[in-house]
Amino acid sequence: MKSRPRDTIAAGRRHTVGLKSDGTVVAVGDNAYGQCEVSDWCDIVEIAAGNVHMATNTGNAHTVGLKSNGTVVAVGWNKHGQCDVSDWGNIVAVAAGWRHTIGLRLDGKVVAVGRNTEGQCNVGDWRDIVAVAAGDWHTVGLTSNGSVMAAGNNRYDQCNVRDWSDIIAVAAGYLHTVGLTSDGTVVAVGNNRHGQCNVRDWRGIIAIAAGSYHTVGLTSEGVVVATGDNTYDQCNVSSWRNIVAIAAGCAHTVGLHQDGTVVAAGDNTYGQCNVRDWRDIQIP
């Protein structure tokens, strides 16, 4: 299996993060817990933003950065130890949920810190993992053979992914999980109250992202599709063109243009969509 492109844009509940070509990081939006204090970061190769579902009207979020030497940095809300990653090493990918942080090691094993009341950090026995995703209360891992593992809250069957196969990418929302197959189609399980799992007719997809109640897909032509809750116009992305990467926050959607500029749609109450002046964001 080909290595997964690293995330160079990330979206949280009320903030958005971008990785520049020189390894530095920019962030906009709510900074109540210091989640946007990333200006001194350097040598970063991937970023992640902790999300918080719409039902929780708080800005308690965190931001995670993977450095080129395999170590990890984190800032923001740390009530549950989700930012306690300073002792991690040999990490090749990171993911951030609401109250937990996930790291994928070079050897295919997974580490986790943060709240574990739902079992979302019970990933110590996972092996041969090539990609990870973190929802609010669950964690998803993609294995090298295209199968998927999940741990944590399963109230809406969002962890029922054991029968999936031929998967090349995964994403996790508040209470749903999304998988991209090698043929460009998409599968989803979990809460579908807002239609966030209505992805079976999607074709030609090369990347996926999951917000709290919406799901986003990037086509091979650089066009973006979205389904689910559109209260804040977070699914109004059909006019976007030449997009090479996508991210989904709680109620906003972010797209990276092939020229390194960024577009965003959705909830902008805290300025999390004010990304139009960003330049030179790293292409995955």
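Residues numbered from 1 in each chain as written. Predicted model: local features only at pLDDT ≥ 70, side-chain atom pairs only at ≥ 80, totals over all residues. Heavy atoms only, no water.

*Asks:* Kindly report on the packing of aromatic side chains, identifying the contributing residues and their values.
*Replies:* The description of an aromatic ring pair rests on the distance of the ring centres and on the angle between the ring planes. For the structure on display, the rule yields 4 aromatic pairs. Ring centres of Tyr174 and Tyr213 lie 5.7 Å apart, and the angle between their planes is 80°; on these two criteria the pair is classed as edge-to-face. Here Tyr174, found in the loop between β13 (167-172) and β14 (176-181), pairs with Tyr213, found in the loop between β16 (205-210) and β17 (214-219); they are 39 residues apart in sequence, far enough to count as distant. For the residue pair Tyr174 and Tyr213, the accessibility class agrees, reading buried in each case. Here the aromatic residues Trp98, Trp137, Tyr174 and Tyr213 are joined through ring pairs into a cluster of three or more. Directly above the aromatic system of Trp98 lies the positively charged group of Arg99, at a separation of 3.8 Å from the ring centroid. (Phe/Tyr/Trp six-rings, centres within 6.5 Å; stacked < 30°, edge-to-face > 60°. Helix = DSSP H or I, 4+ residues; strand = E, 2+ residues; numbered from the N terminus. Buried < 20%, exposed > 50% of the residue type's maximum accessible area, 1.4 Å probe, protein only. Lys NZ or Arg CZ within 6 Å of the ring centre and 35° of its normal.)

*Asks:* Please set out the sheet that holds strand β1 (residues 9-11) residue by residue, giving values where relevant.
*Replies:* One open sheet holds the 3 strands; their spatial order is β1-β2-β3, and the pairing between them is antiparallel. Edge positions in the sheet fall to β1 and β3 (25-29), since each has one partner strand and no second. Between one strand axis and the next, the sheet turns by 15° as a mean value, whatever way the strands run. Pairing of β1 with strand β2 (residues 15-19), which is carried by 3 bridges, proceeds in the antiparallel orientation. Residue Ala10 lies in a different strand from β2, and its bridge partner there is Val17. (Pairing = 2+ DSSP bridges. Axes fitted to C-alpha atoms, helices over the stretch in contact; angles between N-to-C directions.)

*Asks:* Quick one: what's the story with the pairing of strand β9 (residues 110-114), residue by residue and with numbers?
*Replies:* With 5 bridges joining them, strand β8 (residues 100-105) and β9 adopt antiparallel strand pairing. When the sheet's bridge partners are listed, Thr101 is paired in β9 with Val113. The hairpin turn running from β8 into β9, its antiparallel successor, is 4 residues long, and Gly108 in that turn takes a positive phi close to 85°.

*Asks:* With reference to specific residues and values, describe the environment of Thr139.
*Replies:* Here Thr139 shows up in strand β11 (residues 138-143). Given the relative accessible area of 0%, Thr139 is considered buried. Separated by 18 residues in the primary sequence, Thr139 and Cys121 have C-alpha atoms spaced 7.3 Å apart. Non-local contacts of Thr139, meaning those with residues more than four positions away in its chain, are made with His100, Ile102, Gln120, Val123, Trp126, Ala133, Met149, Ala150 and Ala151. A distance of 2.6 Å separates a polar side-chain atom of Thr139 from the backbone oxygen of Gln120. (Contact = heavy atoms within 4.5 Å. Polar contact = N/O pair within 3.5 Å; in protein donor to acceptor, adjacent residues only side chain to side chain.)

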